[in-house]
Structures are given as structure tokens and as C-alpha cells.
Amino acid sequence: MEKRESLWDRCLDKGISRRSFIKSCVALTSLMGLSTDCLSKVVEAAEAKPLPVVIWIHGHECTGCDESFIRSASPLASDLVLSQIDLEYDHLLSAACGAPFEAHLEETIQKYKGQYILAVEGAVSTKDNGIFCMSGGHTFTHLLRHAAENAMAVIAYGTCAVSGGIQAAAPNPTGSSGIKMFVGNKPLINVPGCPPIPEVMTGVVMHVALFGAAPPLDGEGRPKQFYGNRIHDTCYRRPFFDAGLFAENYDDAGAKAGWCLYKLGCRGPETYNSCGNIRWYQGMSYPIQSGAACIGCSNPHFWDEGSFSDRLPKYDKIGDADKIGVGLAVMTTAGVAAHAVASVVQKGQRDVQEAQKGGAAE
Ligand code: FSX
Ligand code: SF4
Ligand code: F3S
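Quick caveat, the model's predicted, so the values are computed rather than measured.

Calculation notes
Residues numbered from 1 in each chain as written. Chains lettered and ligands numbered in written order. Predicted model: local features only at pLDDT ≥ 70, side-chain atom pairs only at ≥ 80, totals over all residues. Heavy atoms only, no water. Helix = DSSP H or I, 4+ residues; strand = E, 2+ residues; numbered from the N terminus. Near = heavy atom within 4 Å. 1 Å grid on protein atoms, 1.4 Å probe; cavity = no way out; pocket = protein on both sides within 12 Å on 5 of 7 lines; lining within 4 Å. Sits in = over half its atoms within 2 Å of the grid points. Nonpolar A, V, L, I, M, F, W, Y, C, P; charged D, E, K, R; others polar. Expected span 1.5 Å × (residues − 1). Buried < 20%, exposed > 50% of the residue type's maximum accessible area, 1.4 Å probe, protein only. Arc of directions from axis to C-beta. Contact = heavy atoms within 4.5 Å. Pairing = 2+ DSSP bridges. Axes fitted to C-alpha atoms, helices over the stretch in contact; angles between N-to-C directions. Parallel < 35°, antiparallel > 145°, perpendicular 65-115°, else oblique. Left-handed = near helix turned anticlockwise from the far one by under 90°. Polar contact = N/O pair within 3.5 Å; in protein donor to acceptor, adjacent residues only side chain to side chain. Phe/Tyr/Trp six-rings, centres within 6.5 Å; stacked < 30°, edge-to-face > 60°. Points joined across faces, edges and corners; volume = space filled by probe spheres on them.

Quick look at unusual backbone geometry
1) Next: A cis amide bond links Ala170 with the next residue in sequence, Pro171, at an omega value of 10°.
2) Next: One non-glycine residue with positive phi stands out, namely Asn172, at about 45°.
3) Next: Following the sequence through the fold, Asn172 ends up in the loop between helix 8 (158-163) and strand 8 (176-177).
4) Next: One non-glycine residue, Gln282, lies in the positive phi region at around 60°.
5) Next: Tracing the sequence through the fold places Gln282 in the loop between helix 13 (253-256) and helix 14 (335-361).

A few points about the site of ligand 2
1) Next: His232, Cys235, Arg237, Arg238, Phe241, Cys260, Leu261, Tyr262, Cys266, Gly268, Pro269 and Ile288 make up every residue found near ligand 2.
2) Next: For ligand 2, the cavity whose grid points lie within 2 Å of the majority of its atoms is the largest cavity.
3) Next: For the shell around ligand 2, a count of residues per class yields eight nonpolar, two polar and two charged.

Focus on helix 2 (residues 18-31)
1) Next: Between its first and last C-alpha atoms helix 2 spans 20 Å; for 14 residues at 1.5 Å apiece the expected length is 20 Å, and the two agree.
2) Next: Among the residues of helix 2, Phe21, Cys25, Leu28, Thr29 and Leu31 are the ones counted as buried. One side of helix 2 holds all its buried residues, which, seen down the axis, span an arc of 160°. Turned more than 90 degrees off the buried face of helix 2, the exposed positions are Arg19, Lys23 and Ser30.
3) Next: Of the surrounding secondary structure, the elements contacted by the buried residues of helix 2 are helix 1 (7-13), helix 3 (39-48), helix 5 (77-84), helix 9 (198-211) and helix 10 (224-227).
4) Next: Of the residues flanking the end of helix 2, it is Gly33, one or two places downstream, whose phi is positive at about 75°.

Notes on the sheet that holds strand 2 (residues 86-90)
1) Next: With parallel pairing, the five strands of this open sheet are ordered in space as 2-1-3-7-9. Looking along the sheet, the strands with just one partner apiece sit at the ends: strand 2 and strand 9 (188-191). Geometrically, the sheet is characterised by an average inter-axis angle of 20° between neighbouring strands, direction not taken into account.
2) Next: As judged from the four bridges shared by strand 7 (residues 153-157) and strand 9, these two strands associate in the parallel manner.

A look at the packing of helix 2 against helix 3
1) Next: Their axes nearest at 9 Å, the elements helix 2 and helix 3 cross at an angle of 120°. Between helix 2 and helix 3, the crossing angle belongs to the class labelled oblique. Once helix 2 is placed against helix 3, the crossing between them reads as right-handed. Contacts between helix 2 and helix 3 involve Arg18, Phe21, Ile22, Cys25, Val26, Leu28 and Thr29 from the former and Leu39, Val42, Val43, Ala46 and Glu47 from the latter.
2) Next: Of the residues belonging to the contact of helix 2 with helix 3, the class tally is nine nonpolar, one polar and two charged.

So, the site of ligand 1
1) Next: Near ligand 1, the surroundings consist of 13 residues, among which Cys62, Cys65, Glu121, Cys160 and Cys194 are the closest.
2) Next: In the environment of ligand 1, an oxygen atom lies 2.6 Å from a nitrogen or oxygen atom belonging to the side chain of Glu61.
3) Next: Backbone polar atom of Gly64 to an oxygen atom of ligand 1: 2.7 Å apart, as the coordinates give it.
4) Next: With respect to the pocket detection grid, ligand 1 is positioned in the second largest cavity.

Looking at the packing of aromatic side chains
Each aromatic ring pair is specified by the distance between its two centres and by the angle formed by the two planes.
1) Next: Here the structure, examined in full by the defined rule, presents 12 aromatic pairs.
2) Next: Where Tyr236 meets Tyr286, the ring centres are 6.4 Å apart and the plane angle is 70°; that geometry is what we call edge-to-face. On the criterion of sequence distance, the pair formed by Tyr236 in the loop between helix 11 (231-234) and helix 12 (238-243) and Tyr286 in the loop between helix 13 and helix 14 is long-range, its members being 50 residues apart.
3) Next: Here Tyr286 falls in the buried class, since its relative accessible area comes to 4%.

Topic: empty space enclosed by the protein
1) Next: Applying the stated criterion to the full structure yields three cavities of 30 Å³ or more.
2) Next: Roughly 100 Å³ of volume is contained in the largest cavity.
3) Next: Lining the largest cavity are His232, Cys235, Arg237, Arg238, Phe241, Cys260, Leu261, Tyr262, Cys266, Gly268, Pro269 and Ile288.
4) Next: The class makeup of the residues in the lining of the largest cavity is eight nonpolar, two polar and two charged.
5) Next: When its volume is computed, the second largest cavity comes out at roughly 60 Å³.
6) Next: If you trace the second largest cavity, you find it lined by Glu61, Cys62, Thr63, Gly64, Cys65, Glu121, Thr159, Cys160, Gly193, Cys194 and Pro195.

Now the structure itself:
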């Protein structure tokens, strides 16, 4: 049987030094959300485990997930695709197309039976025997079932693959759904978000690649290290929420001073994701930091939860926001935290007062 290269073998081939290899392993350890104690295990796996073969297929979707993936900065998506995984088939990223491309997919499935990672983007169209989403002359339901039954593990990338996404929004004319019922008993890792954060996508695939198993998952099948906190728990506007300071519309003085966006429809209190920690595009920003409320894009059926700009329709009182979600650590008001909160709030109040004074002077 053909011997497949490990990450270390590939570094040797490319003349990459041991030092750079170890640095990549440190970066991978942090990317996968593991503690530095796990570094030696990551190095061992990177030396010994063959690079994973990945097949990446697309159903009903907008391709935003792949677009997000190629913007991964750490590791760079180009490094990941060229050096750390063997991406054999991807509807968006592969240069090949047509019959030879489809033949290559089937060869890859047969050659690496039980060994490849199947990444799936997009929903499955189930109505009328799946004819609303075709790929390579077959329905997507056929392709997904076939590719999943021979995979080692399946990753559902994006809210569409996890729970149907925009195609499944009422009235759901194509009968779209998430992929779960089409993957049989294969390990399934759900990575929701519309799209998911690039580094979360690369972190999950590298975990499966190096350890041959899914990372620890929560009850919804999501990796705990990336979906263990609500946006609300890591939000830098949280001190304003706790102090009852809310923007009432997008161009009032409170919005300009960076107050909490809850009254503008923010779904941070019910949304689990890493946007507040990892942020997007090399940690540059995330929706709330750019001044927009979180629309809960990693929640199932977020399209059908009413207007994005209304307050969470299910919760009338501000105090109810903290009852949303499970396992919230109650905000401490002691010591340093209280001081930090008070300082931020006071600064916010000063900013608003100054903005109001400025407005009055005009
Ligand atoms: Fe869905 Fe991904 Fe939203 Fe788009 O492929 S999760 S519509 S960002 O692209 O599937
Ligand atoms: Fe941040 Fe939204 Fe929570 Fe306000 S409601 S603290 S803007 S996540
Ligand atoms: Fe999505 Fe909310 Fe993050 S809209 S990108 S989960 S801040």
C-alpha cells in the first residue's frame, strides 16, 4: 500500500527546518484550542500521521463558507491546502472541472475508503427526490450519502450544512435541511456560522487530521473549544449591558459611544460562537465591533426568528437576556472586574455627554 506523507515528511521534502516545523506545531496546538501540555502529542501526531485526504462538497448555499476558509490567517489557508492536508476535491478551490474531475472524486473515494475527511458545505434539498440541487449529474443527496458512507468523519461547515440555513427559511420551497440524516452513523462535527470563522474551520479539520477523532463536542455536536461561550459572555460591550446603557438606534449618541446593541436586536445572549475571542480576519473585528448587532448566524433557523433589528422577540425584559442559554457564569462585580466595568461605563457616559454637548453646540 502506498505510504502517505506526514506533515514532518512534507517539511523534510520542502527543506523546512525542524525549528519551523516545531513552530507550526505550536501554532496548531493553539489553533485547536489545546493547552501547551498537548504540544508533544501534536508533534508526535504531525511526525507520524499521514496527511489527511479531504473531500469537500457543496450543496445548497452561497459558498461563503469556502470564502471564509480561504481567509484563514493562522495557518494561512494556502499553507493548509498545499502542505497540511491533501485536498483532493473541492467544488470551489479545485482548478479541474467536468467529467475528469468527477472521475477523480470517485477514484479518491475508492482509494481512501474509510480514511478521508468529508467536509460538507450547504444544505440538502430533499423535495422532489432532491432535484433542486444537482452535482456531477447526480442529486446532492446521492453524492452526500455515497461520500459519507465511505468517509472516516464528516464535518458540517456552516449553518446551512448544520441545520438548513437560508434555503430552509420559511416556506422552504426545496425542502432543505441539514446533512445529519444523510451521513448515517459516521462521526459528525457541526461547525455552524454563516459563515464560520476561518480559524475555527482550519482548527477543526486539523484536529481530526492529527488525532483521527473529533474534538470534544457539546450536545449539539459542536466543538466545545469554539462554541462553549455565548457572544454575550465575551462581548466587550457587556459592561454597558450590565449597567443598562443601550443604543436605541444606529446613529444615536449611545451607538456612537459603543453602548450595548441589545435593543437593536442583538442575539448575542442566545448565540454560541467565538466571534468575541478569535474575531475575524486576523483578529481585526466582528459584527458587534463594527457597530452591527449579532444576528445569531450560528443558530439553527436564525432566518425565521423575526426581524434582525427587533429586540429578541422571545424575551421582553432586559433581565431575561441572562436566562437565555445554559451554564452562564454570572458576571462578577468584585475587585478588579468591578473596577474595570465601572471605568468603561464611566468613560461611555462621558463620551455620550460630550457627544450630546457637541450636538447641542451645532
Ligand atoms: Fe450557508 Fe456556506 Fe451561510 Fe453561505 O457554504 S452558512 S449561506 S455563508 O456559504 O453554507
Ligand atoms: Fe454585546 Fe449584544 Fe450582549 Fe450587548 S446584547 S453585550 S452588544 S452581545
Ligand atoms: Fe454571526 Fe453573531 Fe458572530 S452574527 S459572525 S455569530 S457576532
